[in-house]
Amino acid sequence: MTRFSAFSLFAKALGGHQGWPEQWPDASPKPAYDAIIVGAGGHGLGAAYYLAKKYGITNVAVIEKGWLGGGNTGRNTTIIRSNYLYDESAHLYDHALKLWDGLSQELNYNTMYSKRGVMMLAHNVHDIQSFKRHIHANRLNGVDNEWLTAEQAKDYCPPLNISPDARYPVLGAALQRRGGTARHDTVAWGYARAAAALGVDIIQNCAVTGIRRGADGAVLGVETERGFIASRRIGVSAAGHSSVIMQMAGLDFPLESYPLQALVSEPVKPVFPCVVMSNTVHAYMSQSDKGELVIGAGTDQYVSYSQRGALHIIEHTLAAICEIFPIFRRMRMLRSWGGIVDVTPDRSPILGKTPVPGLYINCGWGTGGFKATPGAADLLAYTMAKDEPHPINAPYNLDRFRTGRLIDEAAAAAVAH
């Protein structure tokens, strides 16, 4: 038996019963787990690992409706960077970037983190002014970022077309050398293996259908397709479906869900050395370790829970890629896919406590979820263990939408990926 066995682990979750009774002789619900995390993606599995590793909370269940890492963790374009404009964002994403740097050693599992650099192209005067503002703001926060001329950008990424006659002329670029990529599914499996070794149970193919609350309003546990699992501490980290789960606890969250598309080409030998992003045309590209060109688009312009998107969005992205990198015009597409991203009014996440005692939330990352994985996981674990937010994630509370203290990265995050 492995710790990834859904049936054997669920038997433990139910404690040998067909479900926990409403009340035990002492008139208090008996907890089966010290903590439950809903969502077995990188964020959820990472939070379980840090709960066990840092805080000694090993009696933890991670509950997943599908399979481990089968949601947005396995449906992203693997970009890692921390060159965000606002102080709160820079602190959050750079916390994650620092954890990425040693994650393979931490987990004893190769996450294939590659610091190949993330370059953002400037196509007009507004782009130049915006990116230079980013560079100065980043440096004030101790985050590396530098300005390149068009010729320097070409030297860093030879396939780039910098002809002045191009449809999207390149006037310069901002480069974060510490940025790069990692392999998405290895992050989930690395955290899963490390968490399981510390005693965490991972229950797959077990959808949450409700959140049970007591007379005092605090959580008692989760209802699932296979019965009730008790815990007084529940963290929700289910990208694309967080608002649905919050409604189970009687909470309405300021989230909208959008399809987000990407694709990969047929594999070729190494030809593309870094990550290149363009805000103006909303396209970005890198090359995977398997040789595929990884190409991503912006979010669709309508809300949906579907994992597919509008054809014209991906067509526009491919047309732009072919203009910026003409040498790839004859490449064939291998496969395309879509994910679901939760978006808040200020395009920044919600990470912290909820109004329901014992219920914690990690959601609303939009297109920034993968790069934040170890940082978000670490901060969610801190918040659940101590029942208070860490100073880094304290600004990312629900109250900011009432007070107006927003962290508006909607325009500041460039293409936002």
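Here the structure is a predicted model, which means the values were calculated and not measured.

S.K.: Would you mind going over the pairing of strand β13 (residues 256-265) with me for this structure?
M.R.: Each regular strand shows side chains that alternate between the opposite faces of the sheet. Across the 10 residues that make up β13, a large majority, nine, are buried. Pairing analysis gives four bridges linking β13 to strand β16 (residues 293-299), with the strands arranged antiparallel. Looking at the pairing, L260 lines up with T299 of β16.

S.K.: How do you make sense of the state of the cysteines when you look at a structure like this?
M.R.: Linking two cysteines covalently via their sulfur atoms produces the bond known as a disulfide. Counted under the stated rule, the structure contains zero disulfides. Take C157: it sits in no disulfide, and the sulfur closest to it among the cysteines is that of C274, at 4.0 Å.

S.K.: Quick question: what am I supposed to make of the sheet that holds strand β18 (residues 350-353) here?
M.R.: Adjacent strands of a sheet form backbone hydrogen bonds with each other and so pair up, either parallel or antiparallel. Taken in spatial order, the six strands of this open sheet run β8-β2-β1-β12-β19-β18, and their pairing is mixed. The outermost strands of the open sheet, each flanked by one partner alone, are β8 (201-203) and β18. Put simply, the sheet's adjacent strands are angled 15° from each other on average, direction ignored. Lying on the sheet, helix α10 (residues 373-386) is in contact with β1 (35-38), β12 (234-236), β18 and β19 (359-363); it crosses β19 at an angle near 165°.

S.K.: For this particular structure, what's the right way to read the environment of A182?
M.R.: Along the polypeptide, A182 turns up in the loop between β7 (180-181) and α7 (184-197). Classification of A182 by relative accessible area gives buried; the value is 5%. The spatial distance from the C-alpha of A182 to the C-alpha of K115 is 8.8 Å, given a sequence separation of 67 residues. With residues near it in sequence (within four places) discarded, A182 still touches T78, I80, W100, T111, M112, Y113 and F370.

S.K.: Would you take a moment to explain α10 for this structure?
M.R.: Owing to its 3.6 residues per turn, the α-helix aligns residues three or four sequence positions apart on the same side. For α10, with 14 residues, the first-to-last C-alpha span of 20 Å sits near the 20 Å given by 1.5 Å per residue. Most of α10 sits out of view: 12 of its 14 residues are buried. Every buried residue of α10 is listed here: T373, P374, G375, A376, A377, D378, L379, L380, A381, Y382, T383 and M384. Just downstream of α10 lies D387, where phi reads positive at about 60°.

What counts and what doesn't
Residues numbered from 1 in each chain as written. Predicted model: local features only at pLDDT ≥ 70, side-chain atom pairs only at ≥ 80, totals over all residues. Heavy atoms only, no water. Buried < 20%, exposed > 50% of the residue type's maximum accessible area, 1.4 Å probe, protein only. Helix = DSSP H or I, 4+ residues; strand = E, 2+ residues; numbered from the N terminus. Pairing = 2+ DSSP bridges. Disulfide = S-S within 2.5 Å. Axes fitted to C-alpha atoms, helices over the stretch in contact; angles between N-to-C directions. Contact = heavy atoms within 4.5 Å. Expected span 1.5 Å × (residues − 1).

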